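# Coordinate inspection notes
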Amino acid sequence: MRYEGTVYRPPSEAHSLLIQASIGCPHNKCTFCNMYKKTKFRLRSVEEIKEDLAAARGYYGEYIESLFFPDGNTIVMKTERLVEILNYARQLFPRLQRITVYGSARFVDRKSDEELRQLKAAGLSRIHTGMESGDDVTLERIKKGTNAEQIISAGLKLKKAGIDVSEYYLTGVGGLERSKEHAINSARVLSVFSPDFIRIRTLVPYPGTPLYEEYGQGNFTLLTPHQALQELRWLVENLECDRSMVLSDHVANYWNVQGKLPEDKHKMLASIDHALSLDRSHFRPPHLSRL
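Criteria and thresholds
- Residues numbered from 1 in each chain as written.
- Predicted model: local features only at pLDDT ≥ 70, side-chain atom pairs only at ≥ 80, totals over all residues.
- Heavy atoms only, no water.
- Disulfide = S-S within 2.5 Å.
- Helix = DSSP H or I, 4+ residues; strand = E, 2+ residues; numbered from the N terminus.
- Buried < 20%, exposed > 50% of the residue type's maximum accessible area, 1.4 Å probe, protein only.
- Pairing = 2+ DSSP bridges.
- Patch = residues over 30% accessible without salt bridge, like charges linked within 9 Å, V, L, I, M, F, W, Y side chains within 5 Å.
- Areas by Shrake-Rupley, 256 points an atom, 1.4 Å probe, with all protein chains shown as cover.
- Salt bridge = Lys/Arg side-chain N within 4 Å of Asp/Glu carboxyl O.
- Phe/Tyr/Trp six-rings, centres within 6.5 Å; stacked < 30°, edge-to-face > 60°.
- Axes fitted to C-alpha atoms, helices over the stretch in contact; angles between N-to-C directions.
- Parallel < 35°, antiparallel > 145°, perpendicular 65-115°, else oblique.
- Left-handed = near helix turned anticlockwise from the far one by under 90°.
- Contact = heavy atoms within 4.5 Å.
- Right-handed = clockwise from strand over helix to strand, strands pointing away.

Turning to the state of the cysteines, a few remarks are in order. Following the criterion strictly, the structure yields zero disulfides and no others. Cys33 takes part in no disulfide bond, and the closest cysteine sulfur, belonging to Cys30, lies 6.2 Å away.

Okay, here's the thing in structure tokens:
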């Protein structure tokens, strides 16, 4: 198996086999992200990917139950090629229960309903998609390359195809100025298609990113822990999702808020209210991650 550069995967894929299908990110303009800034995007050939899958089979045997294909936005691959890779992976690993990729709304929405059905039939079971925000003003400011309408369209397409949707919400990315709008508009967007998972992330400005420069120049106000928790409360309070799981599965978050919607909403709000009652000394400084 061959890897190029730093390989990123969601925390929920910690036990998955990682096989790079793409290198870098085809968008690579988000102002908060430093993951692929020094990497030129390219898709690996089907032959190379198959070789790595075969090497993994030789090393691990058939005992692989979860497979994730990095890097950023592997969903951009032509459908027939991705289908070929998915089918080959399932032949090699008959115990596979889940195959996942990254795919932002902009690139998911380019797929037709039929293409997504083909991918589902070939074994694609989940897409991790970094919406970050459902607020168009915030999306434009962070150069996400998509908008609320497209996020909804992509989410509805995936749900229709039967592919699990794992959406990521980035607390604080709207700054203090846009915090409430960021939360409420994100809740509105998510409520339209009820993702299977809503995963909470908290913004930490990383050196080398445009947002870090804005922060350093005083043009972006980073939320305090209590302001971030208040934003999270606005989000949860306004979510009207059916059978969506809210998860705070990242080390950068200030508080572990999780539960299933709609039945656990009151428990999550009560947990956030408790966190809001704690002194600031209980939380990390907002400009530092725990890593």
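What follows deals with unusual backbone geometry. With an omega of 10°, the peptide bond running from Pro70 to Asp71 counts as cis. Examined against the element boundaries, Asp71 turns out to sit in the loop between strand S4 (66-69) and helix H2 (79-92). Of note, the bond from Leu261 into Pro262 is cis; its omega dihedral lies within 30 degrees of zero at 5°. With respect to the secondary-structure elements, Pro262 resides in the loop between strand S10 (259-261) and helix H10 (265-276). Non-glycine residue Asn73 carries a positive phi angle of around 65°. The topology assignment puts Asn73 in the loop between S4 and H2. Even without glycine at this site, Ser194 takes up a positive phi of about 45°. Mapped onto the fold, Ser194 is located in the loop between helix H7 (179-193) and strand S8 (197-202). Assessed through its relative accessible area of 10%, Ser194 is described here as buried.

Read from one edge to the other, the open sheet built from eight strands follows the order S1-S4-S5-S6-S7-S8-S9-S10, with strand pairing classed as mixed. Each of the sheet's edge strands pairs with one partner strand only, and the pair in question is strand S1 (17-18) and S10.

The next subject is a nonpolar patch on the surface. Residues Met1, Tyr3, Tyr59 and Tyr60 make up a contiguous nonpolar surface patch of about 470 Å² in total accessible area. Position of Tyr3 among the secondary structure elements: in the segment before S1. A relative accessible area of 43% means that Tyr3 is categorised as partly exposed.

With the rule as written, the count across this model stands at six aromatic pairs. When the ring of Tyr254 is compared with that of Phe283, the centres are 6.1 Å apart and the planes differ by 90°; the resulting orientation is edge-to-face. Placement of the pair is Tyr254 in the loop between strand S9 (244-247) and S10 and Phe283 in the segment after H10, with a sequence separation of 29 residues. Just as Tyr254 is buried, Phe283 falls in that class too. Their ring planes at 65° and their centres at 6.5 Å tell us that Trp255 and Phe283 sit as a pair that is edge-to-face. Pair noted here: Trp255 is in the loop between S9 and S10 and Phe283 is in the segment after H10, with a separation of 28 residues, a long-range link.

For the rest of this paragraph, the subject is the packing of H7 against helix H9 (residues 225-238). Where H7 contacts H9, the two axes come as close as 8 Å, and the packing angle between them is 25°. Taken together, the axes of H7 and H9 are roughly parallel relative to one another. Helix-helix and strand crossings are classified by hand; for H7 and H9 the assignment is right-handed. For the pair H7 and H9, contact is made by Ser179, Lys180, His182, Ala183, Ile184, Ser186, Ala187, Leu190 and Ser191 and by Glu231, Trp234, Leu235 and Asn238, respectively.

Regular strands place their side chains on alternate faces of the sheet. The element strand S7 (residues 164-171) is extensively covered by neighbouring structure, given that seven of its eight residues are classed as buried. Sheet topology places strand S6 (residues 124-132) next to S7; five bridges connect them, and they run parallel. Looking at the pairing, His128 lines up with Ser166 of S7. Two strands pair when backbone bridges link them, and S7 and S8 are joined in this way by six bridges, in the parallel orientation. Directly across from Glu167, in S8, lies its bridge partner Ile198. Once the chain exits S7 it traverses H7 before rejoining the sheet at S8, and the crossover so formed is right-handed.

Here the focus is the pattern of salt bridges. This structure, assessed with the given rule, holds 22 salt bridges. The partner of Arg44 in a salt bridge is Glu48, with the nearest N and O atoms 3.1 Å apart. The salt bridge partner of Arg126 is Asp164, with a shortest N-O separation of 4.0 Å. A residue pair is termed long-range when its members are at least 10 positions apart, and Arg126 in strand S6 and Asp164 in strand S7 qualify at 38 residues.

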